[in-house]
Amino acid sequence: MTALDGIGAVVTGAGNGIGRALATRLASEGARVVVNDLDADAAREVADAIGATPVPGDAASSDGVAHLVSEATRHLGRIDLFMANAGIDGAGGPDSLQTSDEAWAAVVEVNVMAHVRAARLLVPRWLETGGGRFVVTASAAGLLTMIDSAPYSVTKHASVGFAEWLSVTYGDRGITVQAICPQGVQTRMLEEAGPLVGLLSRDTALTPDQVADAFIASLADDRFLVLPHPEVADYYRARATDTDRWLAGMRKLQGRLDESRSA
């Protein structure tokens, strides 16, 4: 028996990468899992592989979140754990500042509003029925910053900020909130990062399974920040205690990236 044995869990963006690893690990720990992904075939393939229930669809829109929560509740009876893992990177590159309003809106919808909409539905139910756990897959970019992609950096900061607000507001009322903040992870997003791959892998790119391991380990003390790369804590501390020095260092990294592009 484990702390997850028999609970009802939902993982969004679980068709591949970190989401797939989280869903797989939850199932192996005895949880009853609903696998969500916009890619219906991927959701069904993962669900079949781990003995879970697929509920494919959009986990960001109001209607999509309502459908997911409704169907998951119907299958599970109760949602005890909601892992808001789905995310997109948005526009990057030297022209990131010129990202269109439409592209910004798309990233905000998935990386921020999806969490808000899920919490709107889940938190009132949890307050009435004894609590629950809401976990956001954010990024070290939400604690530090993300060179090259304004939409990703800004929305991951917002994702962490919303999770912090949830914890402050409901943490003493039976609701546990956590934010998973890895650096480079061996996923399709990293593979498609182009010249950023080296920077994101500076402290070793972890496997999705290692990120899932870090989440499971965090259940021992319900820590808010789940840091699969422990060194992120030191970076976060340095950023807070000497922000100007931190920004100067980040500008140097930006300069190296600019040089690599012009070479």
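Here the structure is a predicted model, which is why all the values come from computation and not from measurement.

Participant: Sorry if this is basic, but what is going on with the side chain of D37 here?
Facilitator: Relative to the helices and strands, D37 is located in the loop between β2 (32-35) and α2 (40-50). Look at D37 and you get buried, because its relative accessible area is 8%. At a separation of 3.4 Å, a polar atom in the side chain of D37 contacts the main-chain amide nitrogen of A14. A distance of 2.8 Å separates the side chain of D37 from the backbone nitrogen of D39, its partner in a polar contact. Residues in contact with D37, not counting those within four places in the same chain, are G13, A14, G15, N16, A43, V55, P56 and G57.

Participant: Where do I start with helix α4 (residues 101-129) in this structure?
Facilitator: Residues separated by three or four positions in an α-helix point in the same direction, a consequence of the helix having 3.6 residues per turn. Between the first and last C-alpha of α4 there are 40 Å, a value that for 29 residues agrees with the 42 Å anticipated at 1.5 Å per step. Of all the bends in α4, the greatest measures close to 45° and is centred on M113. Looking one or two residues beyond α4, the residue adopting positive phi is G130, at roughly 105°.

Participant: Sorry if this is basic, but what is going on with the nonpolar core here?
Facilitator: Most often, soluble globular proteins have nonpolar side chains that are buried together. Judged by nonpolar contacts, the single largest core of 39 residues is most densely connected at V10, I79, F82, L122, F134 and L166. Elements that contribute at least two residues to this core include exactly α3 (62-76), β4 (81-84), α4, β5 (132-137), α5 (150-170), β6 (175-180) and α10 (243-262). Top contributing element to this core by residue count: α4, with six residues. Contact partners of L166, with chain neighbours within four places excluded, come to A119, V123, F134, G171 and V177.

Participant: Help me out: how do you make sense of unusual backbone geometry in this one?
Facilitator: The phi angle of most residues is negative, glycine excepted, and most peptide bonds adopt the trans form. The backbone of D148 sits at a positive phi, close to 95°, despite the residue not being glycine. With respect to the element layout, D148 can be found in the loop between β5 and α5. A relative accessible area of 11% means that D148 is categorised as buried.

Participant: In this structure, what is going on with the pairing of strand β1 (residues 8-11)? I would like to understand it.
Facilitator: Look at any regular strand and the pattern is simple: side chains alternate between the two faces of the sheet. Neither face of β1 is open: one carries G8 and V10, the other A9 and V11, and all of them are buried. Relative to β2, β1 runs parallel, the two sharing four bridges. Bridge pairing in β2 links A9 to V33. You can see the chain leave β1, run along helix α1 (residues 17-28) and come back into β2, and the turn it takes is right-handed.

Participant: In this structure, what is going on with the packing of aromatic side chains? I would like to understand it.
Facilitator: The geometry of an aromatic ring pair comes down to the distance between the two centres and the angle between the two planes. This model, assessed by the stated rule, comprises four aromatic pairs. With a centroid separation of 6.0 Å and an interplanar angle of 80°, the aromatic rings of W165 and Y170 are classed as edge-to-face. Overall, Y170 belongs to the buried group, its relative accessible area being 17%. Between Y235 and W246, the aromatic rings sit 6.3 Å apart at their centres with planes inclined by 35°, giving tilted as the arrangement. Residue Y235 is located in helix α9 (residues 231-241), and its partner W246 is located in helix α10; the two are separated by 11 residues in the primary sequence. Exposure remark for W246: the relative accessible area of 16% places this residue in the buried category. Every member of this aromatic cluster is reached through a ring pair, and the members are F162, W165 and Y170.

Participant: Just to check I follow, could you spell out the packing of α1 against α2 for this structure?
Facilitator: Between two packed helices, the angle of one axis relative to the other and the distance separating the axes together describe the packing. Where α1 contacts α2, the two axes come as close as 10 Å, and the packing angle between them is 25°. Here α1 lies roughly parallel to α2, going by the angle between them. The way α1 lies across α2 gives a crossing that is right-handed. Residues R20, A23, T24 and A27 of α1 form the contact with α2, whose participating residues are E45, V46 and I50. Looking at the contact of α1 with α2 residue by residue, the class counts come to four nonpolar, one polar and two charged.

Participant: Before we go on, may I ask you to explain the packing of α4 against α5 in this structure?
Facilitator: In the contact formed by α4 and α5, the axes pass within 8 Å of each other and the chain directions differ by 15°. The angle between the axes of α4 and α5 places the two elements in the roughly parallel class. Judged by the sense of rotation from one axis to the other, the crossing of α4 with α5 is right-handed. Judged by residue contacts, W104, V107, V108, N111, V112, H115, V116, A119, V123 and L127 of α4 engage A150, P151, Y152, V154, T155, K156, A158, S159, F162, L166 and Y170 from α5. Classifying every residue of the contact of α4 with α5 gives 16 nonpolar, four polar and one charged.

Here is what the cut-offs are and how they apply
- Residues numbered from 1 in each chain as written.
- Predicted model: local features only at pLDDT ≥ 70, side-chain atom pairs only at ≥ 80, totals over all residues.
- Heavy atoms only, no water.
- Helix = DSSP H or I, 4+ residues; strand = E, 2+ residues; numbered from the N terminus.
- Buried < 20%, exposed > 50% of the residue type's maximum accessible area, 1.4 Å probe, protein only.
- Polar contact = N/O pair within 3.5 Å; in protein donor to acceptor, adjacent residues only side chain to side chain.
- Contact = heavy atoms within 4.5 Å.
- Expected span 1.5 Å × (residues − 1).
- Bend = angle between axes of the 7 residues up to and from the residue.
- Core = buried A, V, L, I, M, F, W, Y, C linked by side-chain atoms within 4.5 Å.
- Pairing = 2+ DSSP bridges.
- Right-handed = clockwise from strand over helix to strand, strands pointing away.
- Phe/Tyr/Trp six-rings, centres within 6.5 Å; stacked < 30°, edge-to-face > 60°.
- Axes fitted to C-alpha atoms, helices over the stretch in contact; angles between N-to-C directions.
- Parallel < 35°, antiparallel > 145°, perpendicular 65-115°, else oblique.
- Left-handed = near helix turned anticlockwise from the far one by under 90°.
- Nonpolar A, V, L, I, M, F, W, Y, C, P; charged D, E, K, R; others polar.

In short, the description is geometric, and any link to function would need to be established separately.
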